[in-house]
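Results of the structural survey
The lines below spell out each chain.
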Amino acid sequence: MEVNDILQDTFFVILYGGVIMLCVVAALYLLLRRGNAIAPEVTSPVRLRRWAAAFLFISALSHVFWMFYAFHPSPTRYVIVCGLDMAMLFPTIAGVLLSMLQDQHRTVWPVLVLLIPAFILMSLCIFRGDDSLYVLVSIYVFALYALLMLYVFFAVRRYGRWLRDNYADLENKEVWQSLLILAVFLLFFIMYSSTSETSPVLVYLLQVNNILIAVLLLWRVETLQQLEESSPSEEADPAVDEPKASAPQAIPAIIGPLLKKCCEEGQLYLQHDLTLVQLAHVVGTNRYYLSQYFAQQGITYNAYINGLRVQHFIRLYHEATADQRIFTAQELAFQSGFHSYSTFSATFKQNMGTTVTAWIRSAEK
């Protein structure tokens, strides 16, 4: 689509302006509103809100830059606008993706360092008037984006393992689905925002993609729970209480009996959002020894707590049927410590090898 065609398409101009307004309003909302409108019970990570707001602001500013280019097109201005896009969008994209992991050890400055060769090539492209260098810039930026996606992919896997080792309840904490969808949207946006000649369909799809990104980003920010404990760093396992090298490494034999007394017999597993650190404090040990104990048993902390909750559900079911009380599986699941029925259903099937409905039918017979 030529520049003149873009400016003469009234519907596209309205859509384009609407995207700018949406991004600005969404960014202001994330910065100024204290609570969440989508999930009021969730406390969102402040760092994620700020990075998301920065991305939305810069996305709106990028639209303004391209509108300026549409009115004053030239090869030099095109390279400059692309450079501004790269300098602002790429770091904020990285900031959004990494801040979802809630890990202060993962910073954005390495991304800026990796962009230096691209800035050098773009400067040469402007001063030498050699457009062929811009092809190298595009290849380099896309390679960096692919590298970032690969890094985030493995970081999310590690994040998931860390969650299961430290948290009993994972509702509003995991980032798999939204992170992958967001990565696809952002990749699509980066690819077509740096393309000089596109078809009318792709130009419209780019704006639709921007709307989807803004909506998805708002949803993810508002539904991701702020973790109380620190997230894993890039080095080693997160063990704030890990003993020094001179300390004995043997796992205390008393941990098993203490868990049985404090957690199982005391039904501590019914407490919502019970963390590994909290359980270690009650048991009288530290985070390192307790996590090593579960690893030695071949289970995760999450599997241990939810396994106890499933057994509690089974006991409640038998008690209710023996007393001939009217009940629902959802009610018993919540009384057993589960936040949501979907989590309970998945955990029950994993532990019992069958669905809740099938198990109840078998128990009734």
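Residues numbered from 1 in each chain as written. Predicted model: local features only at pLDDT ≥ 70, side-chain atom pairs only at ≥ 80, totals over all residues. Heavy atoms only, no water.

On inspection of all chains with the given rule, the structure shows 2 cavities of 30 Å³ or more. Approximately 40 Å³ is the volume found for the second largest cavity. Along the lines of polarity and charge, the residues of the lining of the second largest cavity split into 6 nonpolar, 2 polar and no charged. (1 Å grid on protein atoms, 1.4 Å probe; cavity = no way out; pocket = protein on both sides within 12 Å on 5 of 7 lines; lining within 4 Å. Points joined across faces, edges and corners; volume = space filled by probe spheres on them. Nonpolar A, V, L, I, M, F, W, Y, C, P; charged D, E, K, R; others polar.)

What follows concerns the nonpolar core. The biggest cluster of nonpolar side chains holds 72 residues, and the ones touching the most others in it are Phe 55, Leu 56, Leu 97, Met 100 and Leu 182. If you list the elements that add at least two residues to this core, you get α2 (10–32), α3 (46–71), α4 (75–99), α6 (116–128), α7 (132–166), α8 (176–193) and α9 (200–223). With 14 residues, α7 is the largest single contributor of residues to this core. Contact partners of Leu 56, with chain neighbours within four places excluded, come to Cys 23, Ala 26, Ala 27, Leu 30, Ala 214 and Leu 217. Residues Leu 279, Val 283, Phe 294 and Tyr 301 belong to the second largest nonpolar core, which totals 20 residues. (Core = buried A, V, L, I, M, F, W, Y, C linked by side-chain atoms within 4.5 Å. Buried < 20%, exposed > 50% of the residue type's maximum accessible area, 1.4 Å probe, protein only. Helix = DSSP H or I, 4+ residues; strand = E, 2+ residues; numbered from the N terminus. Contact = heavy atoms within 4.5 Å.)

So, about helix α10 (residues 255–265). Every buried residue of α10 is accounted for by Ile 255, Gly 256, Leu 259 and Cys 263. Across the axial projection of α10, the buried residues extend over an arc of 90°, all falling on one side. In this structure, α10 carries Lys 261 and Glu 265 as exposed residues pointing more than 90 degrees from its buried face. Of the surrounding elements, those touching the buried residues of α10 are α11 (276–283), α12 (287–297) and α13 (301–322). Looking one or two places after α10, you find Gln 267, whose phi comes out positive at around 55°. (Arc of directions from axis to C-beta.)

Its place among the elements puts Asn 306 in helix α13. Between the alpha carbons of Asn 306 and Asn 351 there is a distance of 9.0 Å; along the sequence they are 45 residues apart. Ignoring anything within four residues of it in the chain, the contact list for Asn 306 reads Ala 168, Phe 338 and Thr 347.

As a further point, take α12. Along α12, the positions that sit buried rather than exposed are Arg 287, Tyr 288, Tyr 289, Leu 290, Tyr 293 and Phe 294. Looking at the buried positions of α12, the neighbouring elements they touch are α7, α10, α11 and α13. Measuring from the backbone nitrogen of Tyr 288 back to the side-chain oxygen at the start of α12 gives 3.1 Å, which picks out Asn 286 as the cap. Note on α12: the residue one or two positions beyond its end, Gly 298, has a positive phi of about 80°. (Polar contact = N/O pair within 3.5 Å; in protein donor to acceptor, adjacent residues only side chain to side chain.)

Our next topic: the confidence of the model for the protein chain. The predicted model of the protein chain has a mean per-residue pLDDT of 85, with 90% of residues at 70 or higher. For the protein chain, helix α1 (residues 3–8) is the element with the lowest average pLDDT, namely 63, and α13 is the one with the highest, namely 94. A low-confidence stretch, residues 234–241 stays under pLDDT 50, and its non-local contacts, those more than four residues away or across chains, total 16 contacts. Note on residues 243–248: pLDDT under 50 across the span, and 5 contacts to partners over four residues away in sequence or across chains. (pLDDT = per-residue confidence, 0-100.)

Glancing now at a nonpolar patch on the surface. A contiguous nonpolar patch, built from Leu 114, Leu 147, Leu 150, Phe 153, Phe 154, Trp 176 and Leu 180 and spanning about 630 Å² of accessible area, is present on the exposed surface. Broken down by secondary-structure element, the contributors of at least two residues to the nonpolar patch are α7 and α8. No other element matches the 4 residues that α7 contributes to the nonpolar patch. Within the secondary structure layout, Leu 114 lies in helix α5 (residues 109–114). (Patch = residues over 30% accessible without salt bridge, like charges linked within 9 Å, V, L, I, M, F, W, Y side chains within 5 Å. Areas by Shrake-Rupley, 256 points an atom, 1.4 Å probe, with all protein chains shown as cover. Salt bridge = Lys/Arg side-chain N within 4 Å of Asp/Glu carboxyl O.)

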